Amino acid sequence: MSFRRRQFLQTTAALGAALALPLRAAPRGERRIELIAAEFKAALDPAGAGQTRVWSYNNQFPGPLLRFRRGDHAHLALSNQLPQETTVHWHGVRVPNGMDGVPSVTQLPIPVGGRFDYRFELRDSGTYWYHPHQSSFEQVPRGLYGALVVEEERPPQVDREEVWLLSDIKLDDQRQQVEDYGRILDIANQGRLGNQLLVNGLVAGAERKIEVRAGERLRLRLINAASARFFRLAIEGHAARIIAWDGQGVTPHPLPADGLPLGPGMRADLIIDCMEKPGQSFALRDLGRPPAGAAVLGTLAYSSQAAVRNAPLKAPIALAPNRIAEPNLDKASDHYVVFQGGMRGTPVIGMVDGKPARIQDIMAKEGLAWTMNYNAQHEHALMHEPLLHLAKGEHVILHMINETDFAHPMHLHGHFFRVLAIGGVATPHREWRDTVIMAPRQAIDVAFVADNPGEWMYHCHILDHAAGGMMGTVVVE
Ligand code: C2O
Ligand code: CU
């Protein structure tokens, strides 16, 4: 019997045992989904023969698309068949702190062969995703991620919906992953980039088709699951509109002319009216970071059938808002977080294990390259002082000041925040987000109500940066 098979049977036996125990009464309508994290061989290129070793959920790469309705109760039963400890974090989903999947902060790491039951209510509709928070700089790029969609009670009328999980992977000439996770060179620079772009776990390119029929209205949910890559998406020949950032409705508005910016961890929902002629094809491109140049991610492929309608649907596309407490800026308290470090730029002094050190001097030895409020801490030593203490219900303006020469997608757990200003300029839509890009040397102001009690991670979603010091916590109590 193969190792894998034996393990599977053991899990099943353990499951049987678990089921024999008196179960906590499941909330009405609770949906139980089994997730098994394990090694897997993925065919990244359906046209090619080769397979690539990844880590994934349920022998699918990416993991299964988890779809719920707002108000559903989820029971996600994770079993860890990986060669390492793991956890699962439900990125963007406002869960109780104990279900947030952060090792050593909200739960113990799930041991090899162990299990953990995540149970929570889906309070907010939107586009989310899930991934480990244990050694995420390694486990995420190895392939552990999947999309999580929570449908609105009254979604906008569309003819078709697509979910595109964007990522990349670093392959050698045998089409296997280069296992160089956690190099200081990546930690202290722009993070570890792949050399092959992926769309839903398949090599990006013209063959990744979204098939539509002329006249249709398409909703495209985009998720950036890459550990360090920023995407900038452009859609040829179509005036797409953004209706949500990070799952939260925003006043519908067109894509920026230089592409839709999507940093690691971020999501956007688009509405695209497909008003071109039957049989035509249009490229979806990543404009990338100059001078890298554009890459084709996929195509919008019109079938040869006659148009379903000749004018775009009139139905409204704005999403009904989720119930998120509105920060009152008049009574909000100001908090500041300053970010320093990186391989370029002026030398930085930060506290490492309670002692001041010049970050550039200790980089190679400690694997640390970044500070938040002059502190650098290891991902696995998160029991340092929290960065911020907030009173439950406190209205907060958080000023993030990027004194580095690098861009950072900053992510806060357990809350959404309104983006008030970027570089001192008020944002036109004051959108809700859970992850926001700070450009090099840029300051960003966000506001939120600290209404979800617990200790929440606040970190850069370039996972190598998070491992290298750009990870702290915010306590709400
Ligand atoms: Cu998607 Cu703390 O992460
Ligand atoms: Cu960063």
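The structure contained in this document is the topic of the report that follows.

**As for the coordination of the copper ion (ligand 2)**
So, point 1. The protein atoms that coordinate the copper ion (ligand 2) are His-408 (ND1), Cys-460 (SG) and His-465 (ND1), at distances of 2.0 to 2.1 Å.
So, point 2. In terms of primary sequence, the donors binding the copper ion (ligand 2) are separated according to H-x51-C-x4-H. With His-408 in strand 28 (residues 408–412) and Cys-460 in strand 34 (residues 454–460), this residue pair connects regions lying 52 residues apart in the sequence. Each of the two residues, His-408 as well as Cys-460, counts as buried.

**Here's the deal with the sheet that holds strand 5 (residues 89–91)**
So, point 1. With mixed pairing, four strands are arranged side by side in an open sheet as 3-8-7-5. Looking at strand neighbours, the two that pair on one side only are strand 3 (66–69) and strand 5, the edges of this open sheet. Adjacent strand axes in the sheet meet at a mean angle of 25° when their direction is disregarded.
So, point 2. Across four bridges, strand 3 lies against strand 8 (residues 146–151) in parallel orientation. Considered in strand 8, the bridge of Arg-67 is made with Val-149.

**Some words on the pairing of strand 2 (residues 52–57)**
So, point 1. The buried fraction of strand 2 amounts to five of the six residues, a majority that puts the element mostly inside the structure.
So, point 2. One ladder, built from six bridges, connects strand 1 (residues 30–42) with strand 2; its direction is antiparallel. Paired with Ala-42 across the strands is Thr-52, a residue of strand 2.

**Examining the packing of aromatic side chains**
So, point 1. Enumeration over the complete set of coordinates arrives at nine aromatic pairs.
So, point 2. When the centroid spacing of 5.3 Å and the interplanar angle of 75° are considered together, the rings of Trp-90 and Tyr-118 count as edge-to-face. With a gap of 28 residues between them, Trp-90 in strand 5 and Tyr-118 in strand 6 (residues 115–121) connect regions that are remote in the sequence.
So, point 3. Among the residues examined, Trp-90 registers a relative accessible area of 0% and is labelled buried.
So, point 4. Residue classification places Tyr-118 among the buried positions, given a relative accessible area of 0%.
So, point 5. For the cation-ring pair, Arg-344 lies above Phe-406, with the distance from its terminal atom to the ring centre recorded as 4.2 Å.
So, point 6. Taking NZ or CZ as reference, Arg-433 lies 4.1 Å from the ring centre of Trp-245, over its face.

About the criteria used
Residues numbered from 1 in each chain as written. Chains lettered and ligands numbered in written order. Predicted model: local features only at pLDDT ≥ 70, side-chain atom pairs only at ≥ 80, totals over all residues. Heavy atoms only, no water. Donors = N, O, S within 2.8 Å, 3.2 Å for Na, K, Ca; no water. Helix = DSSP H or I, 4+ residues; strand = E, 2+ residues; numbered from the N terminus. Buried < 20%, exposed > 50% of the residue type's maximum accessible area, 1.4 Å probe, protein only. Pairing = 2+ DSSP bridges. Axes fitted to C-alpha atoms, helices over the stretch in contact; angles between N-to-C directions. Phe/Tyr/Trp six-rings, centres within 6.5 Å; stacked < 30°, edge-to-face > 60°. Lys NZ or Arg CZ within 6 Å of the ring centre and 35° of its normal.

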